[in-house]
Structures are given as C-alpha cells and as structure tokens.
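Geometric and topological summary
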Amino acid sequence: MVLGKVRSLRVAFDCEPGQAPVFSGGDVVAGRVLLEAAGELRLRSLVLQARGHAKVHWTESRNAGSNTAYTQNYSDEVDFFSHRDAIIEPDTETAVENREEATTVLQAGKHEFAFSFQLPQGPLATSFEGKYGFVRYWVKVELHRPWTLVQKAKSEFTVIEQVDINTPDLLSPAGGTKEKTLCCWLCTSGPISLSAKIQRKGYCPGESVPINAEIENCSSRLVVPKAALYQTQTFCAKGKQKVVRQLVSNLRGDSVSPGMAEAWNSKLLKIPPISPSILECALIRVTYELLIYVDIPGALQLSLSLPLVIGTVPLHAFGSRTSSISSQCSLDLQWLRLALPDSPEEPPLYADVVSEEQRQRSLPPSRPRDEFEGALARPVYAYVQEFRYQPPPLYSELDPHPSETSERIPSH
C-alpha cells in the first residue's frame with residue numbers, strides 16, 4: 001500500500017533466510033530499515049525505538065452490597081530495556097540560516113538504513129504469550145514528515161533466556177512415597193501405596209522423562225496409575241495473583257487389580273515443544289510439575305508431585321555422572337595421601353635383599369637365536385611377565401664386558 005510518497009516501510013533483521021530472529025541476553029541485534037519512496041521525499045526525521053517489557057492485566061467482579069457490583073482491574077508493567085536511535089536527523093543549522101523548516105530530502109527509489117544495538121547482559125525474561133499477560137521484544141521505526149501523520153513500522157523478535165540444566169540441583173534426582181487407605185462407612189480396605197523417582201529435575205523440550213514407580217494395590221478396587229506434565233502460569237499485579245494451570249503431556253499405565261502390584265521401569269513421558277521455565281520475572285512466572293498419580297474410582301486420587309525445570313541448555317555428556325566422578329576422585333586422592341609418607345625411608349641395599357645364588361636361579365635359560373626372529377611381530381605385553389620379576393644386574397665399578405678400545409688404553 002502506498003502511503004503518499006512512501007511506497008513501503010518495514011524493519012528487517014539480519015538473520016538467515018527462513019529463520020526467525022532469536023537472541024539472548026548480551027547479544028547484538030542488527031538489522032535494516034527498508035524504505036521505498038515513490039517520489040522525492042521530504043522528511044523531518046527517521047527514529048528507531050527498541051523495547052523489551054512484560055505486561056499483565058485481568059479483571060475480577062466484586063460485590064459491594066445488595067444489587068451492587070463493580071469490576072476490579074489488575075494490571076502492571078515492567079521494562080527490561082529501552083533503546084532509541086535517530087537514523088535520520090535534519091540539518092537544523094542550515095534550516096535556521098535559510099529560515100525554513102529543518103528537513104531531509106530522499107530521492108525516489110529504495111533506501112536501506114542499518115541499525116544495531118546490544119541487549120543487556122542481565123537476565124531477560126523469555127518471550128511469552130499467556131492468557132493474562134505477555135513478555136515481548138520489538139523494534140519500531142517512525143517516519144516524521146511535514147504536514148503528514150507519523151508513519152510507523154514494527155517488527156518483533158524473540159528472546160530466550162538461557163536456563164542451564166547442568167547444575168548440581170537440577171542434576172539431582174527427585175522422588176517420594178505416598179499411601180492412601182480407602183474407607184466406606186464402617187469398612188476399611190487395605191492401603192494403596194505409590195513410590196516414584198526420576199533421575200533429575202531439569203529437562204529440555206524434546207526429551208523424555210524416565211519414570212520409575214511402584215504401585216501396590218491392597219484395596220478392593222481396580223486402580224489405574226497415570227502421569228502428567230503440567231504448566232503453571234502465575235501473573236502478579238498489585239499484590240494479587242492469577243494462576244492458570246494447563247496439561248502439557250500425559251501417559252496412562254496398565255490397570256492394577258486388587259491385591260496386585262505394578263512397576264514402571266523407566267516409563268517415558270515425552271516433553272513436547274514448550275516454553276522454558278520463566279523464574280526471574282517479577283510479573284510472570286512459568287513453572288512445571290510432574291504429577292504421578294493413581295486414579296481410584298469413587299475416591300480422591302493418590303498423587304505425588306515432583307517439580308521440573310524446563311531449560312534451554314541440554315544435558316552435557318556425562319553430566320549426570322559429574323558428582324559421582326568428582327567424589328570418587330576425591331576419595332582416591334585421600335587414599336593416596338594416606339598411603340604416601342611425608343618423608344620416605346631410604347631403600348635397602350640390593351645385596352642385602354637378593355643373594356648371588358637367588359639371582360643365578362632366577363636367570364632365564366639361554367635360548368637359540370632363531371627363537372627371537374620375528375620378535376617385533378609379537379605384542380609388547382607378551383614380554384612383560386617374563387621380565388617383571390627379574391632382579392637387576394649386580395652393581396660393580398668394573399665393566400664386566402670391556403670393549404676392545406678400552407683394553408688398549410694404558411692406565412695412568
């Protein structure tokens with residue numbers, strides 16, 4: 001659509017074709033303002049603004065007495081960063097000299113204006129859209145012209161705050177045990193017990209959570225074990241909270257008959273593409289929990305809730321073994337410090353340990369030369385045992401095998 005002499009005005013980010021602009025705290029956001037003019041264009045300024053903010057809003061109905069009701073509004077907003085840059089500024093000095101309004105003239109055609117700015121290093125909330133609030137980041141450009149309404153173009157980008165699951169707390173396992181006894185009037189049946197455990201508390205979208213659980217049904221009813229992943233969105237404003245809880249993923253186990261038991265050995269619950277946990281925003285929090293429960297007909301379910309953190313940095317290789325390896329190394333080093341004395345004693349003389357008779361008996365019998373032919377083709381470890389227990393040769397100041405050259409040298 002042609003807006004007067006402006007054929008098009010838009011903001012484009014510098015990213016690969018087909019990819020969405022995604023950034024993290026500390027990254028440089030770069031792009032171009034694309035302007036196409038149908039004719040000569042006179043403008044006052046071209047201003048770029050960038051902003052990241054969170055906003056929440058909801059209403060609640062209140063009663064003030066008989067036949068009286070009103071609506072209470074709850075809203076709040078917080079900024080993460082704000083940036084402003086004048087891409088085109090008019091030449092005010094020339095305008096004053098010529099006694100005319102300060103403007104800049106652009107010729108007809110396409111124009112590109114590059115921009116860049118850096119996101120704050122501090123924690124930024126991940127982009128999010130919820131029922132009662134959002135976290136958004138955008139770049140907006142405003143074109144100011146004489147005697148014309150301001151023309152605007154706006155483009156949003158995504159920020160993902162890094163949540164590393166390779167921390168000791170998120171790598172530690174979680175679990176618990178619950179038990180429930182069913183009562184019907186004066187009759188009491190046996191208990192239903194549930195024990196469950198997961199390997200760690202931190203996972204990333206696309207992973208599966210291995211669940212280990214044991215369900216024992218000593219009641220008289222048929223029960224069904226189940227598991228579900230829930231997302232909880234908490235919106236805060238003016239000291240009030242609005243909570244939204246929704247199901248993300250679930251699974252169902254086999255029915256457990258009365259007097260029977262069921263075991264889950266790493267039963268997998270798939271995590272779909274979902275928003276990572278938002279834990280550092282004052283207005284919006286996004287948390288997750290894994291609910292393992294037993295569905296009991298005619299009674300409240302027996303449930304066990306385990307908190308989960310959905311991160312963005314996946315599990316490193318051997319990440320789950322870090323703590324065990326470090327503790328083992330520490331134990332080995334302690335043992336080494338105990339085994340080695342601070343000041344080692346002087347070793348005994350060889351002649352005091354091995355006699356000449358023992359040395360002669362330990363010498364291997366001489367073998368023909370052809371037995372050693374092709375010795376290089378044999379592995380080295382084949383000879384380790386042969387020479388492992390051989391004593392060293394006797395020490396002597398005289399060379400037992402003098403060379404011919406040394407025999408011809410007269411002594412002084």
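Residues numbered from 1 in each chain as written. Predicted model: local features only at pLDDT ≥ 70, side-chain atom pairs only at ≥ 80, totals over all residues. Heavy atoms only, no water.

The next subject is the overall build of the protein. Secondary structure assignment for the protein yields 7 helices and 20 strands. The buried share of the protein, taken over its 412 residues, is 34%. Contacts spanning at least 24 positions in sequence make up 70% of the contacts within the protein whose residues lie at least 6 apart. About 26700 Å² of surface is accessible on the protein, with carbon and sulfur atoms providing 52% of the total. (Helix = DSSP H or I, 4+ residues; strand = E, 2+ residues; numbered from the N terminus. Buried < 20%, exposed > 50% of the residue type's maximum accessible area, 1.4 Å probe, protein only. Contact = heavy atoms within 4.5 Å. Areas by Shrake-Rupley, 256 points an atom, 1.4 Å probe, with all protein chains shown as cover.)

A few words on the sheet that holds strand β19 (residues 284-295). The strands making up a sheet associate through backbone hydrogen bonding, with each pair oriented either parallel or antiparallel. Reading across the sheet, the 5 strands line up as β14-β20-β19-β16-β17 and stay open at both edges, with mixed pairing between neighbours. One side of each edge strand has no neighbouring strand; the edge strands of this open sheet are β14 (202-203) and β17 (240-252). Examined bridge by bridge, β14 and strand β20 (residues 302-310) share 2 bridges and lie parallel to one another. Bridge assignment links G202 to a residue of β20, and that residue is V309. (Pairing = 2+ DSSP bridges.)

To continue, consider the confidence of the model for the protein. Per-residue confidence for the protein gives a mean pLDDT of 79; residues scoring 70 or more make up 72%. With pLDDT under 50 throughout, residues 320-345 is counted as low confidence; its partners more than four residues away or in other chains account for 1 contact. Low pLDDT (under 50) marks residues 403-412, which in the prediction has 1 contact with non-local residues, meaning those over four places away or in another chain. (pLDDT = per-residue confidence, 0-100.)

Counting 75 residues, the largest nonpolar core has F157 and I211 as its most contacted members. Counting residues in each nonpolar core, the second largest holds 5 residues, with V163, I165, C204 and V309 among its members. (Core = buried A, V, L, I, M, F, W, Y, C linked by side-chain atoms within 4.5 Å.)

With that settled, consider the sheet that holds strand β8 (residues 109-118). Taking strand neighbours across the sheet as the criterion, the 3 strands line up as β1-β3-β8 in an open arrangement whose pairing is antiparallel. The open sheet has two free edges, formed respectively by β1 (6-13) and β8, since each of these has just one partner strand. Averaged over neighbouring strand pairs, the angle between their axes works out to 15° when direction is ignored. With 10 bridges joining them, strand β3 (residues 28-37) and β8 adopt antiparallel strand pairing. Each bridged residue has a counterpart across the sheet, and for L35 the counterpart in β8 is H111. (Axes fitted to C-alpha atoms, helices over the stretch in contact; angles between N-to-C directions.)

Let us look at the pairing of β3. The pairing of β1 with β3 spans 7 bridges and is classified as antiparallel. Across the sheet, the residue bridging to V6 is A37, located in β3.

Now for the environment of V309. Within the fold, V309 resides in strand β20. The buried category is assigned to V309, whose relative accessible area is 17%. Here the alpha-carbon distance between V309 and C204, two residues 105 residues apart in the chain, equals 8.3 Å. Sequence-distant contacts of V309, defined by excluding residues within four places in its chain, comprise V163, I165, L170, K201, G202, Y203 and S277.

Right, let's get into the pattern of salt bridges. A full pass over the atoms with the stated rule returns 12 salt bridges. One salt bridge in this structure joins R62 and E60, with 2.7 Å as the shortest N-O distance. Here E207 and R200 are joined by a salt bridge, their closest N and O atoms 2.9 Å apart. Through salt bridges that share partners, D14, R32 and E112 make up one connected network. (Salt bridge = Lys/Arg side-chain N within 4 Å of Asp/Glu carboxyl O.)

Turning next to unusual backbone geometry. Residues other than glycine predominantly adopt negative phi, and peptide bonds predominantly adopt the trans conformation. Despite not being glycine, W147 shows a phi value in the positive range, around 60°. With respect to the secondary-structure elements, W147 resides in the loop between β10 (133-144) and β11 (151-159). On the basis of relative accessibility, which here comes to 84%, the residue W147 falls in the exposed class. At K238, a residue that is not glycine, the phi angle is positive and equals roughly 55°. Following the sequence through the fold, K238 ends up in the loop between β16 (224-237) and β17. Residue class for K238 comes out exposed when judged on its relative accessible area of 57%.

This part covers the side chain of S45. Along the chain, S45 turns up in strand β5 (residues 45-65). Taking relative accessible area as the criterion, S45 reaches 15% and is therefore assigned buried.

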